[in-house]
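Geometric and topological summary
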Amino acid sequence: MKAVMKVAPGVGQIELRDIDEPAPGPGQVKIRVQAAGICGTDLHIYKDEFRSRPPVVLGHEIAGEIADLAPDVSGLDPGMRVTTETYYATCGVCMYCRRGQNNLCLNRLSIGSGVNGGFTQYVIVPAKNVHRLPQSIDFRAGALTEPLACVVHGVLNTPTISPGDVAVIAGPGAIGLLTLQVVKAAGAVVVVLGTDVDERRLALARELGADHTVNIQAESPEDLMADLTQEGLGADVVYECSGAGPAAAQLLKLVRRRGRYVQIGLFGKPIAWDLDQVCYKELVVTGSNASVPSAWDKALKLLDAGVVRTAPLITDTFAITEWENAFQKFDSKQGVKTLLTPVG
Ligand SMILES: [Zn+2]
Ligand SMILES: [Zn+2]
């Protein structure tokens with residue numbers, strides 16, 4: 001089967017290769033991939049800014065149907081429509097694993113970076129990672145369960161938002177637009193910030209419920225914040241979803257004293273950030289790393305209820321043979337979410 005693989009360490013080093021079709025071992029399920037999302041992480045792997053173990057098939061945002069399963073797996077059947085968590089292996093015995101924080105296990109191996117992922121026809125995952133897709137969610141929308149679970153984890157698992165809060169989100173990419181919807185569902189007033197390249201994405205943000213959007217290259221968000229927030233003091237909470245250093249610096253200005261700063265985007269490198277402000281403003285700063293199982297349950301409920309919509313985020317779909325164009329399109333920020341579909 002054809003697979004998009006990181007074949008060696010270093011920048012680039014991604015190729016379409018033919019590999020053998022895998023078979024499930026004990027406790028494992030074989031998923032026939034129907035759609036797989038390209039994530040910022042895949043681009044970071046391309047640019048050698050994120051650790052991977054080549055040769056490895058990329059792709060961790062997957063929806064498909066169960067093609068086969070090991071005899072010891074119960075509760076799942078061939079043909080079921082599913083998505084999957086990304087942890088192929090965690091140690092199960094460390095402090096984090098025992099506390100249900102398996103995203104933080106030091107021995108974690110994930111599909112799409114540590115072991116073979118979903119930019120191909122079939123992927124093998126542990127049965128315990130598999131979640132059934134609700135009837136209302138098709139494969140394409142279902143492929144975005146993973147980024148939604150990451151957002152749910154970042155926004156809700158350490159509680160960051162309350163009804164009536166004014167929230168500012170920097171970066172109207174897929175993660176920002178999912179954050180917008182989760183924060184909106186929690187009852188906040190939401191402002192989304194973007195730049196000149198984001199005009200279409202900011203329009204989509206408004207369609208998905210943003211109360212205000214600001215192109216920060218055309219206008220300063222500070223006047224709006226003065227009008228919108230209590231006594232003009234600033235946002236109650238800010239979410240950095242762009243992975244751009246200037247956005248992180250700007251959010252530090254827009255958040256009020258005793259406000260919350262939440263880092264969801266990845267920069268891929270160290271950035272300059274004025275930590276004195278964390279003291280002066282008495283900020284609570286949180287970050288999130290991937291997701292935990294409970295965030296998947298919440299994400300699927302939000303999708304099934306129609307409170308969060310992922311389908312409008314999908315702007316491009318390519319066959320995996322076109323992976324180079326797909327990566328380029330995604331990197332150019334012309335669209336929002338790019339999907340890859342396998343070729344038989
Ligand atoms: Zn992802
Ligand atoms: Zn562990």
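Residues numbered from 1 in each chain as written. Chains lettered and ligands numbered in written order. Predicted model: local features only at pLDDT ≥ 70, side-chain atom pairs only at ≥ 80, totals over all residues.

Quick word on the overall build of the chain
What counts, and what does not: Under the scheme used here, helices are H or I runs from DSSP no shorter than 4 residues and strands are E runs no shorter than 2 residues, and both carry numbers assigned from the N terminus. When we talk radius of gyration, it's over C-alpha atoms, and the globule rule is simply 2.2 Å times the number of residues to the 0.38. Between the buried cut of 20 or more and the exposed cut of 12 or fewer other C-beta atoms within 10 Å of a residue's own C-beta lies the partly exposed class, and all C-beta atoms are placed from the backbone.
Secondary structure summary: the chain contains eleven helices and 18 strands in total. Over its C-alpha trace the chain gives a radius of gyration of 20 Å, about what one expects of a compact globule, namely 20 Å for 344 residues. In terms of its C-alpha atoms, the chain occupies a principal-axis envelope of roughly 65 × 40 × 35 Å. Of all 344 residues assigned to the chain, the portion counted as buried reaches 48%.

Considerations on the sheet that holds strand β13 (residues 212-215)
Test applied: Pairing between two strands requires that DSSP report at least two bridges joining them. For helices, the axis comes from a line fit to the C-alpha atoms of the stretch in contact; other axes are also lines fit to C-alpha atoms, and the angle between any two N-to-C directions lies between 0 and 180 degrees. Residue pairs are scored as contacts if the distance between their C-beta atoms, which are placed from the backbone, is within 7 Å.
Spatially, β13-β12-β11-β14-β15-β16 is the arrangement adopted by the six strands of the open sheet, whose pairing is parallel. Strands with a single pairing partner mark the edges of an open sheet, and in this sheet they are β13 and β16 (284-287). Within this sheet the neighbouring strands show an average axis-to-axis angle of 20°, counted without direction. Packed onto the sheet, helix α6 (residues 199-207) meets β12 (189-194) and β13 and runs at close to 170° relative to β13.

Some points on the sheet that holds strand β2 (residues 14-18)
The antiparallel open sheet is built from three strands, whose spatial order is β2-β1-β4. Each edge of the open sheet is held by one strand with a lone partner, namely β2 and β4 (56-57). Taken together, the five bridges between strand β1 (residues 2-6) and β2 define a ladder with antiparallel strand orientation. If you follow alanine 3 over to β2, its bridge partner there is arginine 17.

Quick word on the domain arrangement of the chain
The test is simple: Reported domain spans reflect what an automatic or database domain assignment gives. In this classification, Asp, Glu, Lys and Arg are treated as charged, Ala, Val, Leu, Ile, Met, Phe, Trp, Tyr, Cys and Pro as nonpolar, and every other residue, Gly included, as polar.
As far as domains go, the chain holds domain 1 (2-146 + 291-341) and domain 2 (159-287). Taking only C-alpha atoms, the centre of domain 1 and the centre of domain 2 are 28 Å apart. Counting residues at the interface gives 13 residues for domain 1 and 16 residues for domain 2. Looking at side-chain class alone, the side of domain 1 that touches domain 2 contains six nonpolar, two polar and five charged residues.

Some details on the packing of helix α4 (residues 145-157) against helix α5 (residues 174-185)
Put simply, the rule is: What sets the label is the angle itself: under 35 degrees gives roughly parallel, over 145 gives roughly antiparallel, 65 to 115 gives roughly perpendicular, and the rest give oblique. Less than a right angle of anticlockwise turn of the near helix away from the far helix marks a crossing as left-handed, whereas a clockwise turn marks it as right-handed.
The N-to-C vectors of α4 and α5 enclose an angle of 55°; their axes lie 9 Å apart at closest approach. Comparing the axis directions of α4 and α5 gives the class oblique. Crossing geometry of α4 relative to α5 is assigned as right-handed. Between α4 and α5, the contacting residues are Pro147, Leu148, Val151, Val152, Val155 and Leu156 on the first element and Ala174, Ile175, Leu178, Thr179, Val182 and Val183 on the second. Taken together, the residues of the contact of α4 with α5 sort by class into eleven nonpolar, one polar and no charged.

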